[in-house]
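One letter stands for each residue in the lines below.
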Amino acid sequence: MILIVGGAGYIGSHTCVQLLNAGHEIVVVDSLSNSKYESIKRIKEITGKEFKFYQIDLLNKNELELVFKENKFDAVVHFAGYKAVGESVEKPLKYYQNNITGTIHLCELMSEYNVKKMVFSSSATVYGIPKQVPIVETAPLQATNPYGRTKLMIEEILQDLYVSDSDWSIAILRYFNPIGAHISGKIGEDPNGIPNNLMPFITQVGVGKLEKLKVFGNDYPTVDGTGVRDYIHVEDLANGHLKALEKILASTGLDAYNLGTGSGYSVLELVNAFEKVTGIKIPYEVVDRRPGDVAVCYADPTKAEKELGWKAELGIERMCEDSWRWQSLNPNGYEVNELVTNTKTKQ
């Protein structure tokens with residue numbers, strides 16, 4: 001039995017589907033503070049499988065303990081946490097309190113109930129402004145914003161935990177830029193308000209919710225002056241969690257892995273790929289660079305391939321295709337569909 005914390009979110013929901021399809025039994029905990037219950041219903045629709053869901057905030061340790069009392073877990077996959085870089089700069093204490101205290105509560109209960117196997121959702125933001133690319137796992141860690149620092153601090157907490165008790169088995173997964181959606185179009189990225197990430201911004205312009213895309217800077221030393229990032233399909237990312245889970249279930253130790261494709265695309269290359277796949281023109285305007293943005297950032301994913309047997313398989317056009325299918329079938333994300341479902345129920 002696998003506990004998936006934050007399983008209603010974007011990456012969590014796709015990982016739930018892959019774990020269920022691989023034959024794992026799961027229990028999902030999510031506060032629904034930046035996700036929707038509708039995604040849980042959709043996971044069940046896609047897989048045809050049932051599982052328990054608890055709406056619990058990790059800051060509420062007593063409620064969380066009930067989940068451990070009522071179920072016997074083999075491992076935990078930990079996605080829960082606030083994740084908006086801009087908001088973390090405005091409200092650092094909110095991020096430190098939620099992301100770090102929540103993780104400490106989770107680890108204390110795991111220790112108490114002897115569940116010492118965890119896959120942790122980290123981020124390439126722990127590398128800060130990279131000195132060189134591609135980025136390897138041994139590169140210096142130097143987060144440049146409170147969100148990234150919470151990920152880095154949690155990595156250090158997990159490291160200390162393993163040093164104190166070598167029975168633990170922990171895989172830290174540092175994601176690069178997840179995009180795409182499940183091929184069914186039933187689950188995908190549903191940001192609150194104006195998206196922070198490039199692909200949902202593009203798809204919301206495509207669907208007519210936003211007027212035009214903002215491109216932050218076109219004077220970087222790159223192929224077309226716009227920033228280059230390592231975009232990875234969320235399905236490949238979910239598969240990385242499955243592979244990491246298999247490894248931690250069979251061993252002890254602590255390791256960090258980059259999950260990326262190993263190559264980068266510029267903002268305009270992604271826009272062009274999207275236009276090619278969908279036939280939809282995306283108007284954009286160039287605005288000032290954002291502070292802290294780097295010109296080029298992509299992963300060296302060799303270690304994950306060697307030690308987890310994992311490799312990204314899906315290319316940029318498939319990422320665009322699946323993102324658009326999700327957005328066009330769900331123009332307002334999960335919201336409207338929840339209203340429709342509720343209305344049907346009332347009838």
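Preceding this paragraph is the structure being described.
A. Region of the structure containing the packing of helix α5 (residues 92-112) against helix α6 (residues 146-164). As a packed pair, α5 and α6 sit with axes 9 Å apart at the nearest point and diverge in direction by 25 degrees. Taken together, the axis directions place α5 and α6 in an arrangement best described as roughly parallel. Seen from above, α5 lies across α6 with right-handed handedness. In this structure, α5 uses P92, Y95, Y96, N99, I100, T103, I104 and C107 to contact α6, whose residues at the interface are P146, Y147, R149, T150, M153, I154, I157, L158 and L161. Tallied by class, residues from the contact of α5 with α6 come to 13 nonpolar, 3 polar and 1 charged.

B. Inspection of the sheet that holds strand β12 (residues 265-266) at higher detail. The strand order across the open sheet formed by 3 strands is β12-β9-β14, and the pairing between neighbours is mixed. The sheet is open, and its two borders are formed by β12 and β14 (296-297), each paired with just one other strand. With 2 bridges connecting them, strand β9 (residues 228-229) and β14 associate as parallel partners. The residue bridging R229 from the neighbouring strand is C297, located in β14.

C. Expanded view of the side chain of D165. Position of D165 among the secondary structure elements: in the loop between α6 and β6 (169-175). Its relative accessible area of 19% is what places D165 among the buried residues. Separated by 2.6 Å, the side chains of D165 and K116 make a polar contact.

D. Quick peek at the packing of aromatic side chains. Using the criterion set out here, one finds 7 aromatic pairs in the structure. When the ring of Y82 is compared with that of Y95, the centres are 5.5 Å apart and the planes differ by 55 degrees; the resulting orientation is tilted. Of the two residues, Y82 sits in the loop between β4 (75-78) and α4 (85-90) while Y95 sits in helix α5, which places them 13 residues apart along the sequence. Across the pair, Y95 and Y82 agree in class, each one buried. An aromatic cluster of three or more residues is present, and its members are F68, F73 and Y113. When the ring centre of Y82 is taken as reference, the NZ or CZ atom of K94 above it lies at 4.8 Å. For the cation-ring pair, R289 lies above Y220, with the distance from its terminal atom to the ring centre recorded as 4.0 Å.

E. Representation of the pairing of β4 in the model. Covered by surrounding structure in β4 are A75 and V77 together with V76 and H78, the residues of both alternating faces. Where strand β1 (residues 2-5) meets β4, 4 bridges bridge the pair, whose relative direction is parallel. Opposite I4, over in β4, you have V77 as the bridge partner. Looking at chain direction, β4 and strand β5 (residues 117-123) are connected through 3 bridges and run parallel. Residue V77 lies in a different strand from β5, and its bridge partner there is V119.

F. Region of interest: the pairing of strand β2 (residues 26-30). Most of β2 is tucked away, with 5 of its 5 residues classed as buried. Burial of the side chains of β2 extends over both faces: I26, V28 and D30 are buried on one face and V27 and V29 on the other. You can see the chain leave β1, run along helix α1 (residues 10-21) and come back into β2, and the turn it takes is right-handed. As paired elements, β2 and strand β3 (residues 52-55) share 4 bridges and run parallel to each other.

Calculation notes
Residues numbered from 1 in each chain as written. Predicted model: local features only at pLDDT ≥ 70, side-chain atom pairs only at ≥ 80, totals over all residues. Heavy atoms only, no water. Axes fitted to C-alpha atoms, helices over the stretch in contact; angles between N-to-C directions. Helix = DSSP H or I, 4+ residues; strand = E, 2+ residues; numbered from the N terminus. Parallel < 35°, antiparallel > 145°, perpendicular 65-115°, else oblique. Left-handed = near helix turned anticlockwise from the far one by under 90°. Contact = heavy atoms within 4.5 Å. Nonpolar A, V, L, I, M, F, W, Y, C, P; charged D, E, K, R; others polar. Pairing = 2+ DSSP bridges. Buried < 20%, exposed > 50% of the residue type's maximum accessible area, 1.4 Å probe, protein only. Polar contact = N/O pair within 3.5 Å; in protein donor to acceptor, adjacent residues only side chain to side chain. Phe/Tyr/Trp six-rings, centres within 6.5 Å; stacked < 30°, edge-to-face > 60°. Lys NZ or Arg CZ within 6 Å of the ring centre and 35° of its normal. Right-handed = clockwise from strand over helix to strand, strands pointing away.

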